[in-house]
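So the chains spell out like this:
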Amino acid sequence: MSQPGIPASGGAPAGLQAQNGASSASGSLYTNGPVQNALMSSQVSVNEGYNSQLPGSYPHLIPAKTLNPVSGQSNYGGSQTVSPLSIYQGPGQTLYRPPVASNPVTPSLHSGPVPRMPLPTSQNPAATPMPSGSFLPGANVQPPLNWQYNYPSTGSQTNHCPRVSSQPAVSGNTNLTSHQYVSSGDPSLQNNFIKSATPQHANKNPTMSRSVGYSYPSLPPGYQNTAPPSTTGMPPSSLNYSSGPQGFTQTPLGANHLTASMSGLSLHPEGLRVINLLQERNMLPATSLQPPVPNLHEDIQKLNCNPELFRCTLTSIPQTQALLNKAKLPLGLLLHPFKDLVQLPVVTSSTIVRCRSCRTYINPFVSFLDQRRWKCNLCYRVNDVPEEFMYNPLTRVYGEPHRRPEVQNATIEFMAPSEYMLRPPQPPVYLFVFDVSHNAVETGYLNSVCQSLLDNLDLLPGNTRTKIGFITFDSTIHFYSLQEGLAQPQMLIVSDIEDVFIPMPENLLVNLNESKELVQDLLKTLPQMFTKTLETQSALGPALQAAFKLMSPTGGRMSVFQTQLPTLGVGALRPREEPNQRSSAKEIHLTPSTDFYKKLALDCSGQQVAVDLFLLSGQYSDLASLGCISRYSAGSVYYYPSYHHQQNPVQVQKLQKELQRYLTRKIGFEAVMRIRCTKGLSIHTFHGNFFVRSTDLLSLPNVNPDAGYAVQMSVEESLTDTQLVSFQSALLYTSSKGERRIRVHTLCLPVVSTLNEVFLGADVQAISGLLANMAVDRSVTASLSDARDALVNAVIDSLSAYRSSVLSNQQPGLMVPFSLRLFPLFVLALLKQKSFQTGTNARLDERIFAMCQVKNQPLVYLMLTTHPSLYRVDNLSDEGALNINDRTIPQPPILQLSVEKLSRDGAFLMDAGSVLMLWVGKNCGQNFLSQVLGVQNYALIPQIMTDLPELDTPESARIIAFISWLREQRPFFPILYVIRDESPMKANFLQNMVEDRTESALSYYEFLLHIQQQVNK
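These numbers come from a predicted model, not from an experiment.

Participant: Is there a simple way to explain the overall build of the protein in this structure?
Facilitator: When helices and strands are tallied, the protein shows 21 helices and 35 strands. Looking at the 1017 residues of the protein, the share that counts as buried comes to 65%. Taking all contacts inside the protein whose residues are at least 6 apart in sequence as the whole, residues at least 24 apart take part in 79%. Here the protein displays about 34200 Å² of accessible surface, and carbon together with sulfur accounts for 52% of that area.

Given below as structure tokens:
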């Protein structure tokens, strides 16, 4: 009985190499097959966790034979190496390596001392050793011999901006494609599609074509004269990422048809542009930056996964690791797997079709050899089509397996049958743990939280089995019996925090429907119960232990509210922040001071409990240590610095809005996620909040729609005979209604053989996001200055590689490919982001929280907090506006982040993700002041203003519609600050002007000069 990605047999702990369908020994023969998935579960290593090491002395976490409640496997505990915490290499879990040896793939990530910032880089990076301050894998193998050809790419993947050039998008080579698809009936003709003057490697083994593409039925006439599409200038809405069932009338393409598109060189003029950034600094598009479109045939691309869910740093995958090393760009995936979707096809069939070898789920990129056989696009295994799969429930036609929704949608959800469970699906269980010490009562947070819970009690995701419970703590622990039949809730106090026990466990977590009135009574009385308390101590550790004991029989979600540094019992912490060290990049405490919270989180993970931490504190609370409870249990951290119900009312509003989202959003329980990729690729490091249970199985006791993940990859075996690779993530979870479900996303990308094509397909946002994750790990394992150096070196190294290996004539200036035109700007923005900045008085907890956000936020939000969007809003008009549900949403252009773009007679809105700042210039027009702000003159703008009045004017309606629209697009609530010239918030506004110079950081132009100096050495 195979589990969703969990192998039926243990397999050797040889790492990911053996996992990619190694059981199909003849994989290399299928030269033209669609590509395979790396993380296949046919042979999963049983090494455990981060760097194959478990922290501390916790051998009982992984018993030699433990039933895995999610997968039904009993063998995940095979050969553990439990090594001391001192060897733990940091939160980006690097896999398959011996306990202390450095990872052969990314030696530089854990290397020794790093040279300071301006690092020399040679003209020929392939020939020089990598500077140790760089993130990128350093095995500088010589590139394949055909790299000199530099023939034009098979199309640029950048569709960031509208096309500048007026040249036709498709080059004169379009005749190459005119007879690509003429005959699909005779497989021997299928490889004759490349008639290109450019040296193509795609067709090295024509004799193998018989075993690959579709040879039934013949393609409809619409395919026979297709020129490849030019998608460069298209708006994102027209890219047709499938989010629901597609009305797809043609036969899906087999591997040969898929690769045929790659010979139809649609040369996007913009993609081939080389830009001198010193002359063309203003490369920021006026609309939000769109991800590049992979250079695939339109019929494949329209089936591809939406980049909001799944995107790769390189949309053209290098053929070899040597080519990847030469490009000096990181290869990795960024995922948002549980995102709320408007349309999600759900398959209720009892037959879930998967590859027998690597367990890949059938998807749009497999090949049907005939009606009865399909070839896996990850390991090339030929599988039989089950009888039930021959019938298409949508069209009610028999004999069309290729038209079923599973083969028409890159994102799909399966209802899992009973073999995907070991125990019955758990009920939704919600436990709330409240700090009620004097400090907590002073902040007044209990009023807000209890009121939010009362308002949303009926909206908690769940069913008739939903359970709820409450614990409060100060120097003792208080439980609340909510047994049906009691007249009022009963408080039980446990004062022995050294050996916590659970009094009356059966009455503490109760059925919400049966005990709703008692729960409501408790929530109404809790805020008043402790108003007179003089108890200043906080026994957070013992309270968490008690909560874990209470929840471990079922699993569920623990929501912990804490307002100070824990001072009593296990897990007590001491202040470590020294105010005069805030700004230095040396010796700041980014690592946990105790392993208590991490160990407890791993215990929680083993029992399917996730812990979400709400930290509401004006003082240092050592988030570096406390945050571990959420990171390793797949929870989230929320941080409200200086929360106070009277002195800081905007934080109250923010907490209420975010709690409403938190309490009512979708949730998945007892989840596991596995990412697979085509044979030849392998995944070696994961980023996000989870625990790695085996080499590639992420344990997620809870999964929520606002969490993002990232992985780093390498090219383990040459992809020379492969034209396409695929990546598939599979998330198995229990819904709040008690259904076991599997959400699958599949992404398909082309393989390229030249450095130029690799650069053309670079996704600069995804690259910046992955580098940010790597830099957080480097900050923790080495130092903040090492991480900053490595970020700068990432730009220098890749642009040096481009200059020395791609550009034929060495021009003066800083020459970059169009796809990387924003790379230096985004890295400079990262260096000024709270996680990595120096020379500021950022609180340590605020810096740690920013790092938590980098590791846990989906890419789109991470980029917004790193490089905010600036709009001029005193002249909004309906020109180019969006119309959504009868609302008109103005779309002002995005401006560069420089004071040059500001003017005193205007008003400018900065969207920095978690905060919105509206700066009003001193000479702003009277019209804006009266029609939008509701004041007669500038002096009457309040010093603290966090709301716009709803006035009956078109100007007011426009700006309120625009701000509401910005807020609706994210799960957290950005506070709005209206800022006058002399407002104390003005410094925050100016600090986000990443193109301008600050006391401790270069301006964008100075940064470009520094990069140029290093690149041109």
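Participant: What should I look at first to understand empty space enclosed by the protein in this one?
Facilitator: Space left empty within the atom packing is revealed by a probe, the size of a water molecule, rolled over the atoms. For the structure on display, the rule yields 11 cavities of 30 Å³ or more. Quantified by volume, the largest cavity comes out at close to 210 Å³. If you trace the largest cavity, you find 17 residues lining it, with Arg631, Ile848, Met851, Cys852 and Lys855 closest to the centre. For the lining of the largest cavity, the elements supplying multiple residues, two or more each, are α13 (764-781) and α16 (844-856).

Participant: What's the story with the pattern of salt bridges in this structure? I'm lost.
Facilitator: Any two side chains of opposite charge can pair, given that their charged atoms come close. The tally for this structure, following the rule as stated, stands at 31 salt bridges. For arginine 872, the salt bridge identified is with aspartate 905, shortest N-O distance 3.7 Å. With arginine 872 in strand β29 (residues 869-872) and aspartate 905 in the loop between β32 (894-895) and β33 (907-911), the pair connects residues that are 33 residues apart, well separated along the chain.

Participant: In this structure, what is going on with the pairing of strand β26 (residues 724-735)? I would like to understand it.
Facilitator: If a strand is regular, its side chains alternate between the two faces of the sheet. Where burial is concerned, most of β26 is hidden: 12 out of the 12 residues are buried. Of the two faces of β26, both are covered, the one formed by Leu724, Ser726, Gln728, Ala730, Leu732 and Thr734 as well as the one formed by Val725, Phe727, Ser729, Leu731, Tyr733 and Ser735. Two elements, strand β21 (residues 668-677) and β26, share eight bridges in a ladder whose sense is antiparallel. The partner of arginine 674 across the bridge, within β26, is alanine 730. The pairing of β26 with strand β27 (residues 740-752) spans 11 bridges and is antiparallel. Bridged to phenylalanine 727 within β27 is leucine 747. What sits between the antiparallel neighbours β26 and β27 is a turn of four residues, in which glycine 738 has the positive phi angle 85°.

Participant: Just to check I follow, could you spell out the packing of helix α7 (residues 540-551) against helix α8 (residues 596-606) for this structure?
Facilitator: Each pair of packed helices can be described by the angle between their axes along with the distance between the axes. Direction vectors running N to C along α7 and α8 enclose 10°, while the axes themselves pass 11 Å from each other. Taken together, the axes of α7 and α8 lie roughly parallel to each other. In this structure, α7 contributes Leu540, Gly541, Leu544, Gln545 and Phe548 to the contact, and α8 contributes Phe596, Tyr597, Leu600, Asp603 and Cys604. Residues of the contact of α7 with α8, tallied by class, amount to seven nonpolar, two polar and one charged.

Participant: Is there a simple way to explain the sheet that holds β32 in this structure?
Facilitator: Strand pairing in a sheet is mediated by backbone hydrogen bonds. Such pairs are either parallel or antiparallel. The strand order β32-β29-β33-β34-β35 describes an open sheet built from five strands, whose pairing is mixed. Lying at the two open borders of the sheet, with one neighbouring strand each, are β32 and β35 (975-979). Sheet analysis places β33 next to strand β34 (residues 915-920), joined by five bridges and oriented antiparallel. Within the sheet, the bridge partner assigned to alanine 907 lies in β34 and is valine 920.

Participant: Would you mind going over the nonpolar core with me for this structure?
Facilitator: Residues Phe727, Leu918 and Leu933 are the most contacted members of the largest nonpolar core, which totals 199 residues. Not counting chain neighbours up to four residues away, the residues in contact with leucine 918 comprise Val873, Ala907, Phe908, Leu909, Phe928, Leu933, Leu948, Ile959, Leu976, Tyr977, Val978 and Ile979. Ranked by size, the runner-up nonpolar core spans 38 residues in total, among them Ala440, Leu460, Leu616 and Tyr643.

Participant: I would appreciate a short explanation of the packing of aromatic side chains in the present structure.
Facilitator: Where two aromatic rings form a pair, the distance of their centres and the angle of their planes describe that pair. With the rule as written, the count across this model stands at 23 aromatic pairs. Judged by centre distance (4.5 Å) and plane angle (5°), the rings of phenylalanine 614 and tyrosine 638 are stacked. On the criterion of sequence distance, the pair formed by phenylalanine 614 in strand β19 (residues 609-617) and tyrosine 638 in strand β20 (residues 637-641) is long-range, its members being 24 residues apart. As far as the burial class goes, phenylalanine 614 and tyrosine 638 line up, both buried. Measuring from ring centre to ring centre gives 5.2 Å for phenylalanine 759 and tyrosine 802, while their planes differ by 75°; the resulting arrangement is edge-to-face. Taken together, the residues span a long stretch of sequence, with phenylalanine 759 in helix α12 (residues 755-760) and tyrosine 802 in helix α14 (residues 784-805) at a distance of 43 residues.

Participant: What exactly am I supposed to notice about helix α5 (residues 445-456) here?
Facilitator: Each turn of an α-helix holds 3.6 residues, which means side chains three or four residues apart point in the same direction. For α5, built from 12 residues, the straight-helix expectation of 16 Å at 1.5 Å per residue is met to within 8% by its first-to-last C-alpha distance of 17 Å. Here α5 lies mainly inside the structure; nine of its 12 residues are buried.

Participant: Would you take a moment to explain the sheet that holds strand β9 (residues 382-384) for this structure?
Facilitator: The strand order across the open sheet built from three strands is β7-β8-β9, with neighbouring strands paired in antiparallel fashion. Strands at the two margins of the open sheet, each flanked by one partner only, are β7 (367-370) and β9. With strand direction ignored, the average angle separating the axes of adjacent strands in the sheet is 35°. Pairing of strand β8 (residues 373-375) with β9, which is carried by three bridges, proceeds in the antiparallel orientation. Its bridge partner being in β9, lysine 375 is matched across the sheet by valine 382.

Participant: How should I be thinking about unusual backbone geometry in this particular structure?
Facilitator: Peptide bonds are mostly trans, and most non-glycine residues show a negative phi. In this model, serine 642 sits at a positive phi of 55°, which is unusual for a non-glycine residue. Its location among the elements puts serine 642 in the loop between β20 and α11 (649-664). The phi angle at aspartate 886 is positive, at roughly 65°, despite the residue not being glycine. Counting through the fold element by element, aspartate 886 comes out in the loop between β30 (882-884) and β31 (887-889).

Participant: Can you walk me through α7 in this structure?
Facilitator: Here α7 is 12 residues long and its end C-alpha atoms lie 16 Å apart, about the 16 Å a rise of 1.5 Å per residue gives. Burial of α7 is extensive: 10 of the 12 residues sit out of reach of the surface. Buried residues of α7: Leu540, Gly541, Pro542, Ala543, Leu544, Ala546, Ala547, Phe548, Leu550 and Met551, and no others.

Participant: Even after reading the chapter, I still don't get the packing of helix α15 (residues 823-832) against helix α21 (residues 1004-1015), so can you show me in this structure?
Facilitator: One can describe the packing of α15 onto α21 by two numbers: an axis separation of 10 Å at closest approach and a directional angle of 115°. In this view, α15 runs roughly perpendicular relative to α21, as classed from their interaxial angle. Our pair here, α15 against α21, has a crossing hand that is right-handed. Contacts between α15 and α21 involve Pro824, Leu825, Val827, Leu828 and Leu831 from the first element and Tyr1004, Phe1007 and Leu1008 from the second.

Participant: Is there a simple way to think about the side chain of asparagine 702 in this case?
Facilitator: With respect to the secondary-structure elements, asparagine 702 resides in strand β24 (residues 697-703). The buried category is assigned to asparagine 702, whose relative accessible area is 6%. From its side chain, asparagine 702 meets the backbone oxygen of glycine 556 in a polar contact 3.4 Å long. Ignoring anything within four residues of it in the chain, the contact list for asparagine 702 reads Gly556, Arg557, Ala610, Ala634, Ile667, Gly668 and Phe669.

Participant: Explanation requested: the environment of glycine 399 in the structure shown.
Facilitator: Structurally, glycine 399 is set in the loop between β11 (397-398) and β12 (411-415). For the pair glycine 399 and arginine 372, spaced 27 residues apart in sequence, the C-alpha to C-alpha distance is 9.0 Å. Among all residues touching glycine 399, those that are not within four sequence positions of it are Gln371 and Met390.

Participant: When you look at the pairing of β7 in this model, what are you seeing that I'm missing?
Facilitator: Where β7 and β8 come together, three bridges link them in antiparallel fashion. Paired with serine 367 across the bridge in β8 is lysine 375. In sequence, β7 turns back onto β8 through a hairpin of two residues.

Participant: Any chance you could explain a nonpolar patch on the surface here in plain terms?
Facilitator: A contiguous nonpolar surface patch, about 260 Å² in accessible area, is contributed by Met491, Ile493 and Met529. Note that methionine 529 resides in helix α6 (residues 516-529).

Participant: Honestly, the confidence of the model for the protein in this entry has me stumped. Any pointers?
Facilitator: Detailed conclusions should not be drawn from predicted coordinates in areas where pLDDT is low. Averaged over the protein, the pLDDT score is 80; the fraction of residues at 70 or greater is 73%. Every residue in residues 1-132 scores below 50 in pLDDT, and together they form 426 contacts with partners more than four places removed in sequence or on other chains. A low-confidence stretch, residues 137-268 stays under pLDDT 50, and its non-local contacts, those more than four residues away or across chains, total 316 contacts.

Participant: Just to check I follow, could you spell out the environment of alanine 487 for this structure?
Facilitator: With respect to the helices and strands, alanine 487 occurs in the loop between β15 (477-481) and β16 (490-494). Residue classification places alanine 487 among the exposed positions, given a relative accessible area of 74%. On a C-alpha basis, the gap between alanine 487 and glutamate 517 in space is 9.6 Å, while along the polypeptide they are 30 residues apart. Alanine 487 has contacts with Leu518 and Asp521, leaving out every residue within four places of it along the chain.

Analysis parameters
- Think of each chain on its own: its residues are numbered from 1, step by step along the sequence as written.
- Side-chain atom pairs in this predicted model are given and counted only at pLDDT of 80 or more, local residue features only at pLDDT of at least 70, and totals for whole chains, interfaces and linings cover all residues.
- Values shown for side chains rest on all heavy atoms present in the structure; no hydrogens or waters enter the calculation.
- Think of it this way: any DSSP run of H or I at least four residues long counts as a helix, any run of E at least two long counts as a strand, and we number them from the N terminus.
- Relative accessibility thresholds used throughout: buried, under 20% of the residue-type maximum; exposed, over 50%; partly exposed, between the two (1.4 Å probe, protein chains only).
- Contacts are residue-level and defined by heavy atoms, with any inter-residue pair within 4.5 Å sufficient.
- Residue burial considers only the protein chains on display, and all accessible areas are found by Shrake-Rupley using a 1.4 Å probe.
- Grid points spaced at 1 Å and placed over the protein atoms alone form the basis of the search, with a cavity being a set where a 1.4 Å probe fits but cannot get out and a pocket an open set showing protein on both sides within 12 Å along at least five of seven lines. Lining residues have an atom within 4 Å of a point.
- Grid points are joined across faces, edges and corners, and a volume is the space filled by probe spheres set on the points.
- The rule for a salt bridge is simple: a side-chain nitrogen of Lys or Arg has to be within 4 Å of a carboxyl oxygen of Asp or Glu.
- Pairing between two strands requires that DSSP report at least two bridges joining them.
- Axis definition: a line fitted to C-alpha atoms, limited for helices to the stretch in contact. Angles are taken between N-to-C directions and run from 0 to 180 degrees.
- For classification, angles of less than 35 degrees are called roughly parallel, those exceeding 145 degrees roughly antiparallel, those between 65 and 115 degrees roughly perpendicular, and all remaining angles oblique.
- All amino acids are sorted into three groups, where Ala, Val, Leu, Ile, Met, Phe, Trp, Tyr, Cys and Pro are nonpolar, Asp, Glu, Lys and Arg are charged, and the leftover types, Gly among them, are polar.
- Here, the term nonpolar core denotes a set of buried Ala, Val, Leu, Ile, Met, Phe, Trp, Tyr and Cys residues that are joined through side-chain atoms within 4.5 Å.
- Note on aromatic contacts: the rings of Phe and Tyr and the six-membered ring of Trp form a pair at centre separations within 6.5 Å, being stacked when their planes are under 30 degrees apart, edge-to-face when over 60 apart, and tilted otherwise.
- Multiplying 1.5 Å by the helix residue count minus one yields the expected span of that helix.
- Two helices crossing with the near one rotated counterclockwise from the far one by less than a right angle form a left-handed crossing, whereas a clockwise rotation gives a right-handed crossing.
- Definition of a polar contact: a pair of N or O atoms within 3.5 Å, with one able to donate and the other able to accept a hydrogen when the atoms are protein atoms, and with sequence-neighbouring residues admitted only if both atoms are side-chain atoms.
- Think of a patch as exposed residues, more than 30% relative accessible area, with no salt bridge, where like charges cluster within 9 Å and nonpolar side chains (Val, Leu, Ile, Met, Phe, Trp, Tyr) cluster within 5 Å.
- Note on scores: pLDDT gives the predictor's confidence for each residue, bounded by 0 and 100.

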